[in-house]
Amino acid sequence: MLNQVVLVGRLTDDLEITETENGKKVTTMILAVQRSFKNSDGVYDADFIKCTLWNAVASSTSEYCKKGDIIGLKGRLQVNTYTDSDGAKKYSTEVIAEKVTFLSSKPLDEDEQNNKK
């Protein structure tokens with residue numbers, strides 16, 4: 001069996017790390033992934049995909065990435081079920097990240113720019 005997802009998109013918000021009762025670090029994010037075709041108005045739509053990052057992946061991504069940065073993500077789909085207040089069974093789908101690649105280049109600060117000259 002194979003359950004693998006590869007996405008490239010932009011972070012919609014800055015990330016905030018939380019810690020579980022077991023001491024594991026976790027963060028959730030929404031990744032905006034542009035579609036490869038234009039809609040009837042001639043504009044590219046985007047899908048907004050919920051992703052969960054754990055431990056070292058969560059820590060490094062929250063440390064080095066901010067809202068608007070482009071990242072590549074490799075992970076797997078996970079479907080969760082729950083019962084709402086009316087007793088109806090509901091499903092939610094998210095991507096569990098296994099690897100994140102930082103694709104936006106960090107702007108150089110003034111000292112770094114002077115050293116490159």
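Sequence positions are assigned chain by chain, starting from 1 and proceeding in written order. Side-chain atom pairs in this predicted model are given and counted only at pLDDT of 80 or more, local residue features only at pLDDT of at least 70, and totals for whole chains, interfaces and linings cover all residues. Side-chain calculation: all heavy atoms of the structure are included, whereas hydrogens and water are not.

Asks: Before we go on, may I ask you to explain unusual backbone geometry in this structure?
Replies: Negative phi is the rule for most residues except glycine; trans is the rule for most peptide bonds. Here the phi dihedral of N55 falls at roughly 50°; this positive angle occurs in a residue that is not glycine. Secondary structure elements follow DSSP: runs of H or I of four or more residues count as helices, runs of E of two or more count as strands, with numbering from the N terminus. By the element assignment, N55 lies in helix 1 (residues 55-64).

Asks: What is the right way to read the nonpolar core from this model?
Replies: Grouped burial of nonpolar side chains is what soluble globular proteins tend to show. Nonpolar core, defined: a set of buried Ala, Val, Leu, Ile, Met, Phe, Trp, Tyr and Cys residues in which side-chain atoms within 4.5 Å join the residues together. Accessibility here uses a 1.4 Å probe with only protein chains present; expressed as a share of the type maximum, an area under 20% marks a residue as buried, one over 50% as exposed, and anything in between as partly exposed. Counting 17 residues, the largest nonpolar core has M29, L53 and L73 as its most contacted members. Secondary structure elements with two or more residues in this core: strand 1 (5-11), strand 3 (25-38), strand 4 (44-54), helix 1, strand 5 (70-83) and strand 6 (89-102). Those residues in contact with L73 that sit more than four places away from it in its chain are V5, V6, L7, M29, C51, V95, A97, K99 and V100. Any two residues having at least one pair of non-hydrogen atoms within 4.5 Å are treated as being in contact.

Asks: Help me understand the pairing of strand 4, please; the structure alone is not making it clear to me.
Replies: Look at any regular strand and the pattern is simple: side chains alternate between the two faces of the sheet. In this structure, strand 3 lies alongside strand 4, joined through ten bridges in antiparallel fashion. Note on strand 4: the bridge partner recorded for T27 is L53. Hairpin connection from strand 3 to strand 4: five residues lie between these consecutive antiparallel strands, with G42 at a positive phi of about 80°. Relative to strand 6, strand 4 runs parallel, the two being bridged by two bridges. Counted as the bridge partner of C51 is V95 from strand 6. Between any two strands, pairing holds if DSSP finds at least two bridges.

By themselves, these observations are geometric and do not establish any function.
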